[in-house]
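Coordinate inspection notes
The primary structure of each chain is shown beneath.
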Amino acid sequence: MKRFFSRFRSLSDVPASDLELLSERITLALDLGHEPHVSALHAAVRHELRNRESALDD
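As a starting point, this report considers the structure included with it.

Reading the values: rules and limits
- Numbering of residues starts from 1 in each chain and follows the order in which that chain's sequence is written.
- Local features in this predicted model are restricted to residues of pLDDT 70 or higher, and side-chain atom pairs are both shown and tallied only at a pLDDT of 80 or more, whereas totals for entire chains, interfaces and linings draw on every residue.
- Excluded from the side-chain calculation are hydrogens and water; included are all heavy atoms of the structure.
- Strands are runs of DSSP state E lasting at least two residues, helices are runs of H or I lasting at least four, and both sets are numbered from the N terminus onward.
- A 1.4 Å probe rolled over the protein chains alone gives each residue an accessible area, and that area as a share of the maximum for its type sets the label: buried under 20%, exposed over 50%, partly exposed in between.
- Contact criterion: two residues are considered in contact whenever any of their non-hydrogen atoms come within 4.5 Å of each other.
- Values of accessible area rely on a 1.4 Å probe in the Shrake-Rupley scheme; residue burial ignores everything except the protein chains shown.
- Nonpolar cores were defined as sets of buried Ala, Val, Leu, Ile, Met, Phe, Trp, Tyr and Cys residues, with membership established by side-chain atoms within 4.5 Å.
- For helices, the axis comes from a line fit to the C-alpha atoms of the stretch in contact; other axes are also lines fit to C-alpha atoms, and the angle between any two N-to-C directions lies between 0 and 180 degrees.
- Any angle that falls under 35 degrees is termed roughly parallel, while one over 145 is termed roughly antiparallel, one within 65 to 115 roughly perpendicular, and all others oblique.
- Two helices crossing with the near one rotated counterclockwise from the far one by less than a right angle form a left-handed crossing, whereas a clockwise rotation gives a right-handed crossing.
- For this classification, the nonpolar set comprises Ala, Val, Leu, Ile, Met, Phe, Trp, Tyr, Cys and Pro, the charged set comprises Asp, Glu, Lys and Arg, and every other residue, Gly included, is treated as polar.
- We count a salt bridge whenever a side-chain nitrogen from Lys or Arg sits within 4 Å of a carboxyl oxygen from Asp or Glu.
- Only residues whose relative accessible area exceeds 30% and that take part in no salt bridge are eligible for patches, with like-charged residues grouped when within 9 Å of each other and nonpolar side chains (Val, Leu, Ile, Met, Phe, Trp, Tyr) grouped when within 5 Å.
- The sign given to each residue is positive for Lys and Arg and negative for Asp and Glu; His and the chain ends receive no count.
- The atom standing in for a charge is NZ when the residue is Lys, CZ when it is Arg, CG when it is Asp and CD when it is Glu.

Within the chain, the regular secondary structure consists of three helices and zero strands. Element order for the chain, N to C, with α for helix and β for strand: α-α-α. Among the 58 residues that make up the chain, the fraction classed as buried is 28%. For the chain, contacts bridging at least 24 residues in sequence account for 43% of all contacts bridging at least 6. Carbon and sulfur atoms make up 55% of the accessible area of the chain, which totals about 4,300 Å².

This is the structure:
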């Protein structure tokens, strides 16, 4: 996960395929433990994915 945040300024800068990969990695991390910062990050990534999907529908 650190790789994404060292390469991109914000989630909106992350390419769609990488954002999906990030979401999968965060889901795996959540399976191992429910740390609040990981849960918040996962929510932010899912929100960005939903925003992109709705933008395509418009």
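Having seen it, we continue.
On to the nonpolar core. By size, the foremost hydrophobic cluster in this structure holds 11 residues: Phe8, Leu11, Val14, Leu19, Leu22, Ile26, Leu30, Val38, Leu41, Val45 and Leu49. Going through the elements one at a time, helix H2 (16-32) and helix H3 (36-57) are the ones with two or more residues in this core. Sequence-distant contacts of Val45, defined by excluding residues within four places in its chain, comprise Leu11, Leu19, Leu22, Ser23 and Ile26.

For the pair H2 and H3, the least separation of the axes is 10 Å and the interaxial angle reads 150 degrees. Between H2 and H3, the crossing angle belongs to the class labelled roughly antiparallel. Here H2 runs over H3; the crossing is left-handed. Residue-level inspection shows Ala16, Leu19, Glu20, Leu22, Ser23, Ile26, Thr27, Ala29 and Leu30 of H2 in contact with H3, the latter providing Val38, Ser39, Leu41, His42, Val45, Arg46, Glu48, Leu49 and Arg52. Residues of the contact of H2 with H3, tallied by class, amount to 10 nonpolar, four polar and four charged.

In this structure the tally under the stated criterion is one salt bridge. The partner of Arg52 in a salt bridge is Glu48, and the shortest N-O contact between them spans 3.0 Å. One end of the pair, Arg52, and the other, Glu48, are both in helix H3, four residues apart, so they sit about a helical turn from each other.

This part is about a negative patch on the surface. A cluster of like negative charges, contributed by Glu20, Glu24, Glu53 and Asp57, occupies part of the molecular surface. Of all the elements in the fold, those that place two or more residues in the negative patch are H2 and H3. Within the secondary structure layout, Glu20 lies in helix H2.

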